[in-house]
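Residue-level structural notes
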Amino acid sequence: MWVISHCRWPWRLERRAKPSIAMRLASSPLAAVATVATGFLALSALGTDPIAAFKVFFIEPVSSMYGIGELLLKATPLMLCALGLAPGYRANVWNIGSEGQFTIGAISGSGIALYSGAAATHWAIPAMLVAGVVGGMAWAAIPAFLRSHFRTSEIFVSLMLVYIAQLLLSYLVHGPWRDPAGLNFPQSPPLPDSVLLGPLFDGMRVNVGFVIALALAGLSWWFGGATAAGYRMRVSGLAPAAAAYAGISERRNIWLAMLIGGGAAGVAGICEVAGPIGMLQPSISPGYGFAAIIVAFVGRLHPLGIVLASLLMSALYLGGESAQVELQLPSSVSGLFQGALLFFLLAAELLIHFRVRRTRRTPAHVPAANT
Amino acid sequence: MSADAAPARLVLRGISKRYASVVANDGIDLQVTAGQIHALLGENGAGKTTLMKIVYGVTQPDAGSIEWEGNPVDIRSPAQARRLGIGMVFQHFALFETLTVAENIALALDERVDAVELATRIDQVSQRYGLPIDPRRLLHGMSVGERQRVEIVRCLLQSPRLLILDEPTSVLTPQAVQGLFRTLRRLAEEGLSILYISHKLDEIRELCDVATILRNGRVSGSAIPRQESNASLARMMVGTELKECRLQAREPGPSQLELINLSLPTEDPFGTTLRQINLRVRSGEIVGIAGISGNGQKELQAAISGETLCPLRGSVRLCGQQAGRLTPAPRRELGLRFVPEERLGRGAVPEMNLADNCVLTGAGAGLVRHGLVQHRAARAFARATIAQFAVKCDGELAPAESLSGGNLQKFIVGREIRLAPKVMLIAQPTWGVDVGASLLIRQALIDLRDAGAAVLVISEELDELFAICDRLAVLAAGRLSACVPTAELALETVGVWMTGAFDAAALAASPDYVGH
């Protein structure tokens, strides 16, 4: 603690007696403001008029109904993945492999559509969604099993499985599932129209996945607050020793957390392929599964916060795209915004438990040692 | 007094420190002269620790002034305090297990010192003041008493003129306490001033020249301890008369908790292996386990609570069932309740409110139904606990971390008692708890015993064990001594046993001993 107090900096951090409720509410907006300010500087440095760039970045993408539909469409996988990750993160189970579970969910869901072909009728969509959930869960079960039986780190295992999942997808679309009529492009045949998730409203591309995501948000709220399983996961995250004392099974928490995360990511994957993409191709996600980690934390691991944070993150994606098209800015600008947002969010979180105080200027009177 | 001739070593005037919700220090005056052993006496929460943190520069006062050897000073960091000549031995030592004594001390010194020279200096200081330590030894094999010596030697190497000791005897055997006192008297004779923080009245009367007594952040009196009685000091400390707990003789019932040849290798490289432990706790009796923490207390608790599973099913019997391979939840269903020594973080989740903290162990008492948390029942349960055990808090929705240590302990003990234990395991029941709350907790344990529960108390406080236990055993280096009726046991014997010197013959004669 007194490492901080040693330095000669005129400001110092002091632990608050109680976490500040005001800062708890203000920290996310504060981080958003700081992110925008950073963007302002970065865009100015690139020689772009920041005001015009902000207009292109934040206003134009959502100035039409179609744009709002796109906002919700892009928010859907982020929301689903992040909602799946949050209960685990609250329980100190660190699933980093949402992206991989998303990919496997997409593969297994599309598999049903591709193999049933023309026979796919009204039963096919629910079956695909279920297959997506099961696929994602199965992929997440691997790190869960290794962690609970061999104490491997679920962080590394789930992360490495992302690349395996992506290579599996690549193998499928280059090999056995490649569209014979696809002019040798690495992609599967298009999914039959009967199994595509149609738009919720005319003129927008957002599909039923968004409704599933909102329902999952409600379910997740209920799970965290009302169920004993949610309670046990919260205890494990807040105070592992208390969890051991109470006899809460770590193994059960790990399995539950990984399966929830995998299932949610899996359904996001199939909704993406059966929605806007319409077929399997080597890349089906611009990194939704990883961005969802940021979304989960920006949303303070709370369902409502995650819903809002996924909309914000989706706006950053859309803004980045339109900035690329209209201002010829590099696509990494949206990555810059994402990174800055996470950075400022973690920095602002410090202020919940600490406050900045000015140290007194009066010099200390230090008598000589031998007087 | 010669205070007029030379300025006093340390003078505090009107020191006040306010935290968000409490006034920790309120206009405290204190004067320590050269060579004086000055006791700072007070209950937990009286403001002793805050005051010492101010003197040592860890925190700054909101108001008041500090004078060091006649000069006004503003102590802004521990490093500055050390430069002035103030040393502090903390209650919990910040030492690295994997380093040697000399390496640990080198890390803590403000200047760089040559390793060979440092070892020589350590040897000199330790010989001069009767603090035998070997600078080349690794920390992890050392007892708590030895570690304390390392801390004291570390302070002495910087030739301080004021040494602050925070509850230094809470971890020592009676014999080690006497050794420490000899060292402290010798240091005082050489002119070192000592600020001695404690709530143990006997020790203060034996050792200290002057005592300043704090209550609720204010100075409530000062005294020459040798001229006072325990009762008169306690009155200044607490503000009211105290009554003693009384244990009525009672015939115990059937055995409810049995440890049979329990041996448990530890997974923690610095833990203690339990060896051949035999113990029986019967319904309607309180059995105490004395001994210094670190002698297997943690491991024994975990083995009984189920946090660590025993290799054999039969090593632990709970209410007639073999329980050695059961996890904590099924053991709780058999009737075991457990109050661990760490309240915050183990006995309670700091960030959760008191009602939610009841759900931690209260699932069997209707606080969880059909997989759903019964929030209303949990709140009612918490309210009843707060009322029955006079817990001071902002209601059942106050977070556990907002309670003082003593009040949280009352709450946790109350929660477990209201869950109707058949067997109650409680570790360090009154550690850091004020005198009034200690009394309430001890009485609650006696009531529990009188109601027919089997109670096992693991504690370092010998006074407490002698006050409330029917029978007493000592845990030393992972072995348990014979369990002897408290009335037949001398304090000195316990002191000897705490060093591990209890013979196998006495063990074998014990009624709890099962043999191989």
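Every chain is numbered independently, its residues counted from 1 as its sequence is written. Throughout, the order in which chains and ligands are written sets their labels, letters from A for the former and numbers from 1 for the latter. Selection of residues for local features in this predicted model requires a pLDDT of at least 70, selection of side-chain atom pairs for listing and counting requires 80 or more, and totals for whole chains, interfaces and linings are taken over all residues.

**Digging into the overall build of chain B**
Check the secondary structure of chain B and you find 17 helices and 23 strands. The dimensions of chain B, computed from C-alpha atoms along their principal axes, are 70 × 50 × 40 Å. Our exposure labels follow a C-beta count within 10 Å of each residue's own C-beta, placed from the backbone: buried means 20 or more other C-beta atoms, exposed means 12 or fewer, and partly exposed covers the counts in between. The buried share of chain B, taken over its 516 residues, is 49%. Whether two residues are in contact is decided by their C-beta atoms, placed from the backbone, lying within 7 Å. Within chain B, contacts between residues at least 6 apart in sequence are counted, and of these 67% link residues at least 24 apart. Under the scheme used here, helices are H or I runs from DSSP no shorter than 4 residues and strands are E runs no shorter than 2 residues, and both carry numbers assigned from the N terminus.

**So, helix H13 (residues 405-418) of chain B**
Residues spaced three or four apart along an α-helix face the same direction, because each turn holds 3.6 residues. Residue and element names in this part refer to chain B. An expected span of 1.5 Å times one less than the residue number is assigned to each helix. With 14 residues, H13 extends 20 Å from end C-alpha to end C-alpha; this agrees with the ideal 20 Å at 1.5 Å per step. H13 sits mainly inside the fold: 12 of its 14 residues count as buried. Those residues of H13 that sit buried are Gly406, Asn407, Leu408, Gln409, Lys410, Phe411, Ile412, Val413, Gly414, Arg415, Glu416 and Ile417. For H13, the secondary structure elements touched by its buried residues are strand E16 (336-339), helix H11 (354-362), helix H12 (375-388), strand E19 (423-427) and helix H14 (435-450). Phi turns positive, to about 50°, at Ala420, one or two residues after H13.

**Some points on the pairing of strand E20 (residues 454-458) of chain B**
All names here are of chain B. A large share of E20 lies buried, amounting to 5 of its 5 residues. Where strand E13 (residues 286-290) lies against E20, 4 bridges are found, and the strand directions are parallel. Residue pairing in the sheet places Gly288 in a bridge with Val457 of E20. For the segment spanning E19, H14 and E20, crossover handedness is right-handed. Note on pairing: two strands pair once DSSP finds at least 2 bridges between them. Think of it like this: strands point away, you trace from the first strand over the helix to the second, and a clockwise trace means the crossover is right-handed.

**Digging into the sheet that holds strand E1 (residues 10-18) of chain B**
All names here are of chain B. Read from one edge to the other, the open sheet built from 4 strands follows the order E2-E1-E4-E5, with strand pairing classed as antiparallel. In the strand order of this sheet, the two ends are held by strand E2 (23-32) and strand E5 (71-73), each with one partner. Averaged over all pairs of adjacent strands, the angle between strand axes in this sheet comes to 25°, irrespective of strand direction. For strand E4 (residues 63-68) and E5, the ladder comprises 3 bridges, and the chain directions are antiparallel. Bridging across to E5, Ile66 finds its partner in Val73. Axis definition: a line fit to C-alpha positions, over the contact stretch in the case of helices; interaxial angles, taken between N-to-C directions, run 0 to 180 degrees.

**Overview of the confidence of the model for chain B**
As a note on interpretation, predicted positions should not be read in detail where pLDDT is low. Confidence scores labelled pLDDT are given residue by residue by the predictor and lie between 0 and 100. For chain B, per-residue confidence averages 87 on the pLDDT scale, and residues scoring 70 or more make up 95% of the total. Here the prediction assigns the complex a pTM of 0.78, and the interface score ipTM is 0.80.

**Topic: the domain arrangement of chain B**
Residue and element names in this part refer to chain B. Those domain boundaries reflect an automatic or database domain assignment. For chain B, the domain assignment lists domain 1 (10-238), domain 2 (243-335 + 421-516) and domain 3 (343-419). Taking the mean C-alpha position of each, domain 2 and domain 3 sit 25 Å from one another. Taken together, the 13 residues of domain 2 in the interface contact 12 residues of domain 3. Of all the elements in the fold, those that place two or more residues in the side of domain 2 that touches domain 3 are helix H10 (328-334) and H14. With 5 residues, the top contributor of residues to the side of domain 2 that touches domain 3 is H14. Of the residues that constitute the side of domain 2 that touches domain 3, the class distribution is 9 nonpolar, 1 polar and 3 charged. Nonpolar residues are Ala, Val, Leu, Ile, Met, Phe, Trp, Tyr, Cys and Pro. Charged residues are Asp, Glu, Lys and Arg, and all others, Gly as well, are polar.

**Considering the nonpolar core**
What makes a nonpolar core is a set of buried Ala, Val, Leu, Ile, Met, Phe, Trp, Tyr and Cys residues, with links drawn between C-beta atoms within 7 Å. Ranked by size, the top nonpolar core spans 97 residues in total, and within it Cys81(A), Ala82(A) and Val295(A) carry the most contacts. The element best represented in this core is helix H11 (residues 250-277) of chain A, accounting for 14 residues. Each residue touching Val295(A), except ones within four places of it in the same chain, is listed here: Leu78(A), Ala82(A), Ile306(A), Ala309(A), Ser310(A) and Met313(A). Core analysis: the second largest hydrophobic core is formed by 96 residues, Ala239(A), Leu279(B), Leu318(B) and Trp431(B) among them.

**Structural notes on unusual backbone geometry**
All names here are of chain A. The backbone of Asn92 shows a phi angle near 65°, a positive value even though the residue is not glycine. Of note, Asn92 is situated in the loop between helix H4 (65-90) and helix H5 (98-116). For Leu301, which is not glycine, the phi torsion reads 60° and is therefore positive. Note that Leu301 resides in the loop between helix H12 (288-298) and helix H13 (303-327). Taking the C-beta count within 10 Å as the criterion, Leu301 has 20 such neighbours and is therefore assigned buried.

**Topic: the interface of chain B and chain A**
Listed by partner, the interface residues are 40 residues for chain B and 24 residues for chain A. At the level of secondary structure, the elements contributing two or more residues to the side of chain B that touches chain A comprise E5, helix H2 (78-84), H10, H11 and strand E18 (372-373) of chain B. Per element, the largest residue contribution to the side of chain B that touches chain A is 5 residues, and it comes from H2(B). When grouped by side-chain class, the residues that make up the side of chain B that touches chain A number 21 nonpolar, 10 polar and 9 charged.

**So, the environment of Asn278(B)**
Residue position: Asn278(B) is located in strand E12 (residues 274-282). For Asn278(B) and Leu262(B), which are 16 residues apart along the polypeptide, the C-alpha to C-alpha distance reads 6.6 Å.

**A short note on the environment of Val373(B)**
With respect to the helices, strands and loops of the structure, Val373(B) is situated in strand E18. Once the C-alpha coordinates of Val373(B) and Leu131(B) are considered, the two residues, 242 residues apart in sequence, prove to be 55 Å apart. Among all residues touching Val373(B), those that are not within four sequence positions of it are Ala226(A), Thr227(A), Ala228(A), Tyr231(A), Val359(B), Leu367(B), Val368(B) and Ala378(B).

**Structural notes on the pairing of E19(B)**
Residue and element names in this part refer to chain B. The element E19 is largely enclosed, with a buried count of 5 among its 5 residues. Because side chains alternate across E19, one face comprises the buried residues Val423, Leu425 and Ala427, and the other comprises Met424 and Ile426, equally buried. In terms of strand pairing, E16 meets E19 through 4 bridges, oriented parallel. If you follow Phe338 over to E19, its bridge partner there is Leu425. Bridge count between E19 and E20: 5 bridges; the pairing is parallel. Bridge assignment links Val423 to a residue of E20, and that residue is Ala454.

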